[in-house]
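The chain contents come next:
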Amino acid sequence: MSRVRVFDSTLRDGSQAAGISFSVQDKLNIVSALDAFGADYIEAGNPGSNPKDLLFFEKAKQLTLQNAKLCAFGSTCRFGVEPAEDANIQSLLGANTPAVAVFGKSWKLHVTEILKISPEENLAIIRDTLRYLTEQGKEVIFDAEHYFDGYKNDPVYALSALGAAVEGGASCLCLCDTNGGCMPWEIEEITRKAVESFPAVTVGIHCHNDTGCAVANSLAGVRAGAKHVQGTFTGFGERCGNGDLSVIVPDLMLKCGQTTGCDLPALRNTALKISDIANIHLSGSAPYTGANAFAHKGGMHIDGVMKLPRSFEHIPPETVGNNRHFLTSEVSGRGTVLPVIQKFIPNAEKHSESTGKVVEVLKQKELEGYQYEAAEASFELLVKKSLGLAQSFFDVTFFKVSDDVPYPNGHMPSSAIVEIRVGDESRIAGSVGNGPVNALDLAMRDALKNFYPAIAGMHLTDYKVRVISSGSATDSTIRVLIDSTDGQAVWTTVGVSTDITEASFRALTDSYEYLLSKNRSEG
């Protein structure tokens, strides 16, 4: 087994993704998460490009990192300007990081057509920039921009760019598939040549995902001898994104016989934390970290996993901090519902009366249009109610929703009235909201909050509507899915009706009941 250094560029390359914008505090929080996970380097931005990155590096001086080296990013000096006089180079020094990543041109096309200088002049600025920075005590990682395209165009010149970086004192030569257009076999062949040409220096790999091959290309680079791999956590980045470290790292450690300094059981939580800070949704189908990575639906799959997990799972889910899930549907049967029933009746068996009862109720509900594989909270409530184990927290004795006359500004509000009964007490509440579902949610919260203060800490995060049958366009069965959170857990509930408001009401009611049930069991 050999050690691969993990270089995370979420805060620099990842921030270039569409829709991503990190505050200074966001960046500090991500640094803490990556350091705890065990990244070797955290590329945190370009201090010469914007005031936010300058402020970040100023605040980052107060950080005490346990595992990672913070790394500032910038380009080689401008042609005709000495490194000591170049403002961007000085900003790299001012960032006060132990390591710097400097990119330079290795493709003649960019040298002559973008920089508008000669090939020899480009080699000189690479050499001079890196020599100056190493003389200032910096560990310098050279990012050979467009290296693979450059090599395919002129291999001698591409290797000369790496040679200039070595002469300047680079500790690592990172080969960049900047346009993301290479195939794994090209990456492996070209990387191997660089490894053979510079045996005394670490070679790294940096891949983009424009052909969907960034992970495969990164692994191909390591296979060829690269000992430094760059990427972003969960893979977001410029255009189609970067190599996804939340896939690359476990692939290296579990499939490729490599070691890293990363804490693999913390992988899923790290991916969730970074996705949350970045305000993006971690895909359910994400390898290793997604909610569906170890989710099973087919009856034979579930039966096999329950008997021998490795029969349908390539690794134990806890290896990467994930969990096994059984998705509930008509194709799953008793094997699916049994683990849920056993939460409440530990000695329940597959062919017990309670299991059969839940299966029959499930089939009836699915006949009505319910689907629970994406709504585990509603399914848990269904199981409890079917077994007579559900506590009644409240009853809605009446509700009414209506659209109101437009305001002078043209906005069309909705109003809702609900009556809630808790034990022997009743409460009526009304609210105006931005649409009928919002109005109903606000009214129900108002009615429940005096009985259950925990409701105030809960909010809805997503609302989805599906048309699941249609005799005619206006006589359709509607399925509503609602995601909710209390700031710690996230759960999904479902409601079905031919009326969208009633379907929403049923999903909302389940969401409140699940929160109260969860709090009661935890208390």
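Preceding block: the structure.
A short tour of the structure in this document, coming up. Fair warning: this is a prediction, and the values are worked out from it, not measured in the lab.

With that settled, consider the pairing of strand S8 (residues 202-207). For a regular strand, side-chain orientation follows a simple rule: the groups alternate between the two sheet faces. Taken across its six residues, S8 has five buried, putting it largely inside the fold. Strand direction decides the pairing type here: strand S7 (residues 172-177) and S8, joined by six bridges, are parallel. Bridging from a neighbouring strand, Cys174 pairs with Gly204 of S8. As for the winding sense of the linkage, the β-α-β connection from S7 through helix H8 (residues 184-197) to S8 is right-handed. Two elements, S8 and strand S9 (residues 228-231), share three bridges in a ladder whose sense is parallel.

A few words on the pattern of salt bridges. Enumeration according to the criterion identifies 28 salt bridges in this entry. Arg239 serves as the salt-bridge partner of Asp210, at 2.8 Å between the closest nitrogen and oxygen. Linking Asp210 in the loop between S8 and helix H9 (214-223) with Arg239 in the loop between S9 and helix H10 (245-255), this pair joins segments that are 29 residues apart in sequence. A salt bridge links Lys464 to Asp462, with the shortest nitrogen-to-oxygen separation between them at 3.0 Å.

What follows concerns H10. One full turn of an α-helix is made of 3.6 residues, so residues set three or four places apart face in the same direction. Most of H10 sits out of view: eight of its 11 residues are buried. Of the positions making up H10, those classed as buried are Leu245, Ser246, Val247, Ile248, Val249, Pro250, Asp251 and Leu252. Where H10 is buried, its residues contact strand S2 (5-8), helix H1 (24-37), H9, S9, strand S10 (258-259) and helix H11 (267-278).

A few words now on the sheet that holds strand S15 (residues 425-433). Sheet architecture is open: three strands sit in the order S13-S14-S15, paired in antiparallel fashion. This sheet does not close on itself; its edge strands, each paired only once, are strand S13 (395-403) and S15. Averaged over neighbouring strand pairs, the angle between their axes works out to 10° when direction is ignored. Alignment of strand S14 (residues 414-422) against S15, held across nine bridges, turns out to be antiparallel. Residue Ile417 lies in a different strand from S15, and its bridge partner there is Gly430. Along the sheet, helix H16 (residues 436-448) makes contact with S13, S14 and S15, crossing S15 at roughly 145°.

Further remarks concern a nonpolar patch on the surface. Together, Phe398, Ile417 and Ile428 line one region of the surface with nonpolar side chains, adding up to about 290 Å² of accessible area. Locating Ile417 in the fold gives a position in strand S14.

A few words now on the packing of helix H5 (residues 119-135) against helix H7 (residues 155-168). Where H5 contacts H7, the axes come no closer than 7 Å and their chain directions differ by 25°. When the axes of H5 and H7 are compared, the pair comes out roughly parallel. Taken as a pair, H5 and H7 cross one another with a handedness that is right-handed. Counting all contacts with H5, which are made through Pro119, Asn122, Leu123, Ile126, Arg127, Leu130, Arg131 and Thr134, the residues of H7 involved are Tyr157, Ser160, Ala161, Ala164, Ala165, Glu167 and Gly168. Taken together, the residues of the contact of H5 with H7 break down into eight nonpolar, four polar and three charged.

Moving on, we come to the sheet that holds strand S5 (residues 99-105). Read around the closed barrel, eight strands run S2-S3-S4-S5-S6-S7-S8-S9, paired in parallel fashion. Ignoring which end each strand starts from, the neighbouring axes of this sheet average 25° apart. One ladder, built from seven bridges, connects S5 with strand S6 (residues 139-145); its direction is parallel. The residue of S6 that forms the bridge with Phe103 is Asp143.

Looking now at unusual backbone geometry. Even without being glycine, Thr234 reaches a positive phi, approximately 75°. With respect to the secondary-structure elements, Thr234 resides in the loop between S9 and H10. On the accessibility criterion, Thr234 (18% relative accessible area) is buried. With a phi angle near 70°, Tyr288 is a residue other than glycine that sits in the positive phi range. Here Tyr288 is to be found in the loop between H11 and strand S11 (295-296). By relative accessible area, Tyr288 is classed as buried at 5%.

Core analysis: the largest hydrophobic core is formed by 88 residues, its most contacted members being Phe56, Leu133, Phe142, Tyr147 and Leu162. Sequence-distant contacts of Leu162, defined by excluding residues within four places in its chain, comprise Phe142, Ala144, Tyr147, Leu173, Leu175, Ala194 and Phe198.

With respect to the element layout, Arg520 can be found in helix H17 (residues 500-522). The sequence separation of Arg520 and Asn434 amounts to 86 residues, and the corresponding C-alpha distance is 32 Å. With residues up to four places along the chain from it excluded, the contact list for Arg520 reads Gln391 and Phe393.

Tracing the sequence through the fold places Asp395 in strand S13. A residue is classified by how much of its surface remains accessible, and Asp395, at 42% relative accessible area, is partly exposed. Sequence separation between Asp395 and Thr232 is 163 residues, and the spatial gap between their C-alpha atoms is 48 Å. When neighbours within four sequence positions are excluded, Asp395 is seen to be in contact with Glu419, Ile420 and Arg421.

Two elements in contact, helix H14 (residues 353-367) and helix H15 (residues 376-386), have axes whose closest approach is 10 Å; the angle formed by their N-to-C orientations is 125°. With respect to their mutual orientation, H14 and H15 come out oblique. As for how H14 packs across H15, the hand of that crossing is right-handed. Contact residues: H14 offers Lys357, Val358, Val361, Leu362 and Lys365, while H15 offers Phe379, Leu382, Val383 and Ser386. Tallied by class, the residues present in the contact of H14 with H15 amount to six nonpolar, one polar and two charged.

Criteria and cut-off values
Residues numbered from 1 in each chain as written. Predicted model: local features only at pLDDT ≥ 70, side-chain atom pairs only at ≥ 80, totals over all residues. Heavy atoms only, no water. Buried < 20%, exposed > 50% of the residue type's maximum accessible area, 1.4 Å probe, protein only. Helix = DSSP H or I, 4+ residues; strand = E, 2+ residues; numbered from the N terminus. Pairing = 2+ DSSP bridges. Right-handed = clockwise from strand over helix to strand, strands pointing away. Salt bridge = Lys/Arg side-chain N within 4 Å of Asp/Glu carboxyl O. Contact = heavy atoms within 4.5 Å. Axes fitted to C-alpha atoms, helices over the stretch in contact; angles between N-to-C directions. Patch = residues over 30% accessible without salt bridge, like charges linked within 9 Å, V, L, I, M, F, W, Y side chains within 5 Å. Areas by Shrake-Rupley, 256 points an atom, 1.4 Å probe, with all protein chains shown as cover. Parallel < 35°, antiparallel > 145°, perpendicular 65-115°, else oblique. Left-handed = near helix turned anticlockwise from the far one by under 90°. Nonpolar A, V, L, I, M, F, W, Y, C, P; charged D, E, K, R; others polar. Core = buried A, V, L, I, M, F, W, Y, C linked by side-chain atoms within 4.5 Å.

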